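Descriptive analysis of the structure
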Amino acid sequence: MITRRRLLATGTASVATATTAWPWREALAGNDHWIDLTAAPDKAPLLEDGGETSVWAYNGKTPGPTLRVRRGETIRVRLHNGLEQPTSIHWHGIRIDNAMDGVSGLTQDPAPPGGTFDYVFSAPDSGSFWYHPHHRSWEQMARGLYGLLIVEEDAPVMVEREIEFVADDWRLNDQGQIDEASFGSMMDWSHQGRLGNWLTVNGLTEPAIPVRSGERLRLRCVNVANARTLAFDFDRDQLSAWVVALDGQPIVPTELASDGLRLAPAQRADLIVDVLEPPGGSIPIYEVSTRERIQAAILMVSATAPLRQVPPPAPDPLPANPLPQKLSLHDAQVIPLLMEGGAMGGMREARYQGAMLDIGDLVATGKVWAFNGIVGRTADPLARIPLGRTVVIDMINDTAWPHAMHLHGHHFRVVERGGKTVTGTPWRDTELVERGKRVSIAFVADNPGKWLFHCHMLEHQAAGMIAWIEVA
Ligand code: C2O
Ligand code: CU
């Protein structure tokens, strides 16, 4: 039986090629050529014992290839669908041209089996982003379809090495294969979502990532799990770490909190890390969201003499992205959003496809969550917003579960918690709203089009927690 506990008990890690070596300008996607991404079934060495798991992958890999581009540069990606069901690609966190947002049924028809779809866009912001399907995401992402999208800063950031840290929790069966029998389980859909039992980083079990003593690293961390909020920590004598960006957007460098780095599904964090451990040592990174401390990855410090004896001064902030400078809160358009439903919630009835259903019928339909009494995506938007207007979404989580709320095409900041004004909050594209809490977010609707607002716990999204706004 594969359990998270067994993961704890396993011994030495396998050697992985998980780093992107300096110099930073390798493998840029380039202005003038097409990148082909083929989504298709494949095998992946998820397990530490050399066994292979049948997955769905981009270009034969899970995570798929990391795409690196310069800010403002045109990216051309041709999606080839080698699956037996339709698919699409969403470029998560990119303030993108709406037609390229990849939302099946809203901004495009999905690519049919054997078909293609061409994505041509540019990224206005530098930072760590990612891509994933937006068609049956709850299945396609659980099977391994996702990858990093890195938008370079205009000038290099002073680090010796970049490390990708793409964390997933898979649900595997006793044979080490994806537990297909539980896809669509109403137990998952009405509770916390599909939680996994097998943790990977960069598609590997406890990868060993080579580093050098004295180096300064940039870690690009993303939680690609369907539903689990993950948290990572390490021994502070071995590393020092600052968080320098969240969801791709720079923040004032902040020393990593003593309880580690917590990432809800879809959230990212960029860390700047100094390797303090002497040559020949190793630095385990633990997943600490449960009561167990699971080794997620291990930094193997080479025997080479330290690169420097004294760590450099605390990192400078990353260069700012061209986000709207000012939120006009006093005349903002306020959208109330009551989140209801799920197990142990009080929802009695909700509207689904125009008809009022009681909770029994909702469960029978597999639709158990609602925004403002309405289940799932509707033909009309939740709100129509004039271009340039400041919007406040006032969320009340009247459920027994946390929700990772994600807005497409914009970044927002939290402006109120529990009815109290908060300031200085980071720009984000995904915010974890805890059970019973009220959180208001604000953004300038400066990107025209149809934009989703949904829970990134993918089973909640599929079971009703999805709406959209129209900016015109
Ligand atoms: Cu990461 Cu609507 O998605
Ligand atoms: Cu949710």
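The structure this text deals with has already been given above.
Summary of the structure given here. Values in this document were obtained by computation on a predicted structure and should not be read as measured data.

A look at the coordination of the copper ion (ligand 2)
Every protein donor of the copper ion (ligand 2) is listed here as H403 (ND1), C455 (SG) and H460 (ND1), and their distances to the metal cover 2.0 to 2.1 Å. The sequence pattern formed by the donor residues of the copper ion (ligand 2) is H-x51-C-x4-H. Both residues of the pair, C455 and H460, count as buried.

Observations concerning the side chain of N81
Within the fold, N81 resides in strand 5 (residues 74-81). A distance of 2.9 Å separates the side chain of N81 from the backbone oxygen of A111, its partner in a polar contact. Beyond its immediate chain neighbours, meaning those up to four positions away, N81 contacts A39, P86, T87, A111, P112, P113, G114 and G115.

Digging into the sheet that holds strand 8 (residues 127-132)
The strand order across the open sheet formed by four strands is 4-9-8-6, and the pairing between neighbours is mixed. Each edge of the sheet is formed by a strand with only one pairing partner; in this case those strands are strand 4 (67-70) and strand 6 (90-92). Taken pair by pair, the neighbouring strands of this sheet meet at an average axis angle of 25°, ignoring direction. As defined by bridge partners, strand 4 adjoins strand 9 (residues 147-152) across four bridges and the pair is classed as parallel. Among the inter-strand pairings, R70 is bridged to a residue of strand 9, identified as E152.

Notes on the packing of aromatic side chains
The final tally for this structure, using the stated rule, is eight aromatic pairs. Where W138 meets F183, the ring centres are 6.2 Å apart and the plane angle is 65°; that geometry is what we call edge-to-face. Of this pair, W138 sits in helix 2 (residues 137-140) while F183 sits in the loop between strand 10 (161-170) and helix 3 (186-190); the two residues are 45 residues apart in sequence, bridging distant segments of the chain. We classify W138 as buried; its relative accessible area is 14%. Exposure remark for F183: the relative accessible area of 16% places this residue in the buried category.

Focus on the nonpolar core
Counting residues in each nonpolar core, the largest one holds 85 residues, and the members touching the most others are W91 and M395. With near-sequence residues (within four places) excluded, W91 lies in contact with L37, L67, V77, I96, M100, D101, Y119, F121, W130, Y131 and L149. A241, L263, I285 and A297 belong to the second largest nonpolar core, which has 32 residues in total.

So, unusual backbone geometry
With an omega of -5°, the peptide bond between T62 and P63 qualifies as cis. One can find P63 in the loop between strand 3 (53-58) and strand 4. If you check the backbone angles, N202 has positive phi at about 55° while not being a glycine. By the element assignment, N202 lies in the loop between strand 11 (198-201) and strand 12 (208-211).

Description of the sheet that holds strand 7 (residues 116-122)
The mixed open sheet is built from four strands, whose spatial order is 3-2-5-7. Each of the sheet's edge strands pairs with one partner strand only, and the pair in question is strand 3 and strand 7. When strand polarity is set aside, the average angle formed by the axes of neighbouring strands in this sheet is 20°. When strand 2 (residues 35-44) meets strand 5, the two strands line up parallel, connected through five bridges. Each bridged residue has a counterpart across the sheet, and for T38 the counterpart in strand 5 is H80.

Observations regarding the pairing of strand 14 (residues 230-233)
Side chains L230 and F232 project from strand 14 onto one buried face, and the interleaved A231 and D233 project onto a second face that is buried too. For strand 14 and strand 17 (residues 261-263), the ladder comprises three bridges, and the chain directions are antiparallel. Following the sheet pairing, L230 is matched in strand 17 by L263. Sheet topology places strand 14 next to strand 19 (residues 282-287); two bridges connect them, and they run antiparallel. Its bridge partner lying in strand 19, F232 is registered against E287.

So, the environment of A383
Summarising the element assignment, A383 is placed in strand 26 (residues 383-385). Its relative accessible area of 11% is what places A383 among the buried residues. Taking the C-alpha atoms as reference points, A383 and I75, 308 residues apart in sequence, are found 31 Å from one another. The contacts of A383, once residues within four sequence positions are left out, are Q333, I335, W468, I469 and E470.

About the thresholds
- Residues numbered from 1 in each chain as written.
- Chains lettered and ligands numbered in written order.
- Predicted model: local features only at pLDDT ≥ 70, side-chain atom pairs only at ≥ 80, totals over all residues.
- Heavy atoms only, no water.
- Donors = N, O, S within 2.8 Å, 3.2 Å for Na, K, Ca; no water.
- Buried < 20%, exposed > 50% of the residue type's maximum accessible area, 1.4 Å probe, protein only.
- Helix = DSSP H or I, 4+ residues; strand = E, 2+ residues; numbered from the N terminus.
- Polar contact = N/O pair within 3.5 Å; in protein donor to acceptor, adjacent residues only side chain to side chain.
- Contact = heavy atoms within 4.5 Å.
- Pairing = 2+ DSSP bridges.
- Axes fitted to C-alpha atoms, helices over the stretch in contact; angles between N-to-C directions.
- Phe/Tyr/Trp six-rings, centres within 6.5 Å; stacked < 30°, edge-to-face > 60°.
- Core = buried A, V, L, I, M, F, W, Y, C linked by side-chain atoms within 4.5 Å.

Keep in mind these numbers describe shape, not what the thing actually does.
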